[in-house]
Structures are given as structure tokens and as C-alpha cells.
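Topology and contacts: notes
The residues making up each chain are set out below.
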Amino acid sequence: MRVVKTECSCGEPILIEINAKQTCRIDGKRPFYPDQGLPDGCSPNEYNVNGICVFRCRKCGKVIDDECPEAALGTRINIDTIIEWSAI
Ligand SMILES: [Zn+2]
């Protein structure tokens, strides 16, 4: 896992995984907390801690994308790379 170490503007430490396999973001970044665990009640058999994606900072409540430059929304999918495909 390749990560960038950064923090929110309020000082909350944040790590950002690059080219994440599981993320809610189309640019492949996955912001998460260094001490992140599964939320209470979530079974490790059903949920993967490496799939948790932070949207708002847990300390100040601001949107992470806006508060740390490393988390800013990156390259979107280029429309030219979308091709027609039909299954054989
Ligand atoms: Zn914050």
C-alpha cells in the first residue's frame, strides 16, 4: 500500500492511500486515519478496514478534500479512454 502522510488543517493526522483497490473515490485516493479501526458492530468477516474512506474530518468536521492539498480530488477518468465493448 502506497500512502502519503498528511494532516487536516485542524492538525488531525491523515494518511492517503494512492491507487487504492477499495475506495469511494474515482481518483483512486483513499484518505484514512493512522489509528483507524472498524466502526463498532462491524464484523471483520464482512468489512475490510483497508476499505474505509474518510470524507469529513472526525475532529473539525470539514471535508478532507478541501482541507489537505494531498487529498484534493485528482485526475478524473478521461472520457477518451472509455470504449465501446460488447461481450462475445
Ligand atoms: Zn480537521
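Rules used in this analysis
Sequence positions are assigned chain by chain, starting from 1 and proceeding in written order. Side-chain atom pairs in this predicted model are given and counted only at pLDDT of 80 or more, local residue features only at pLDDT of at least 70, and totals for whole chains, interfaces and linings cover all residues. Under the scheme used here, helices are H or I runs from DSSP no shorter than 4 residues and strands are E runs no shorter than 2 residues, and both carry numbers assigned from the N terminus. To sort residues by exposure, count the other C-beta atoms lying within 10 Å of each residue's C-beta; 20 or more gives buried, 12 or fewer gives exposed, and values between give partly exposed, all with C-beta atoms placed from the backbone. Residues are defined as contacting one another if the C-beta atoms placed from their backbone atoms lie within 7 Å. Two strands pair if DSSP finds at least two bridges between them. Every angle, taken between N-to-C directions, lies between 0 and 180 degrees, and every axis is a line fitted to C-alpha atoms, over only the stretch in contact when it is a helix.

1. Some thoughts on the overall build of the chain
When helices and strands are counted, the chain shows one helix and three strands. Ordered by position from the N terminus, the helices and strands of the chain form the series β-β-β-α. Here the chain holds 88 residues, and 16% of them are scored as buried. Considering only residue pairs separated by 6 or more positions, the chain has 39% of its internal contacts joining residues 24 or more positions apart.

2. Some points on the pairing of strand β2 (residues 13-18)
Two elements, strand β1 (residues 2-7) and β2, share six bridges in a ladder whose sense is antiparallel. Across the sheet, residue K5 finds its bridge partner in β2, namely L15. Taken together, β1 and the strand that follows it, β2, pair antiparallel across an intervening segment of five residues, in which G11 is found at a positive phi of about 105°. In terms of strand pairing, β2 meets strand β3 (residues 30-32) through three bridges, oriented antiparallel. Paired with E17 across the bridge in β3 is R30.

3. Overview of the sheet that holds β1
Strand order in the open sheet formed by three strands is β1-β2-β3, with antiparallel pairing between adjacent strands. Each having just a single partner strand, β1 and β3 make up the two edges of the open sheet. Each neighbouring strand pair of the sheet contributes to a mean axis angle of 25°, computed without reference to strand direction.

4. Looking at unusual backbone geometry
Unusually for a residue other than glycine, N19 sits at a positive phi of about 55°. With respect to the helices and strands, N19 occurs in the loop between β2 and β3.

5. Remarks on the environment of G61
Summarising the element assignment, G61 is placed in the loop between β3 and α1 (64-67). The class of G61 is exposed, set by 8 C-beta atoms lying within 10 Å. For the pair G61 and C10, spaced 51 residues apart in sequence, the C-alpha to C-alpha distance is 9.7 Å.

6. Observations concerning the environment of N50
Among the structural elements, N50 can be located in the loop between β3 and α1. Given 14 C-beta atoms within 10 Å, N50 falls into the partly exposed group. Measuring from C-alpha to C-alpha, the distance between N50 and Q22 comes to 7.2 Å, with 28 residues separating the pair along the chain.

7. Quick look at the environment of P31
Tracing the sequence through the fold places P31 in strand β3. By the C-beta count within 10 Å, which is 28 here, P31 ends up buried. C-alpha separation for the pair P31 and C57, spaced 26 residues apart in sequence, amounts to 9.9 Å. Contacts of P31, omitting those with residues within four sequence positions, involve I14, I16, C53, V54, I64 and A71.

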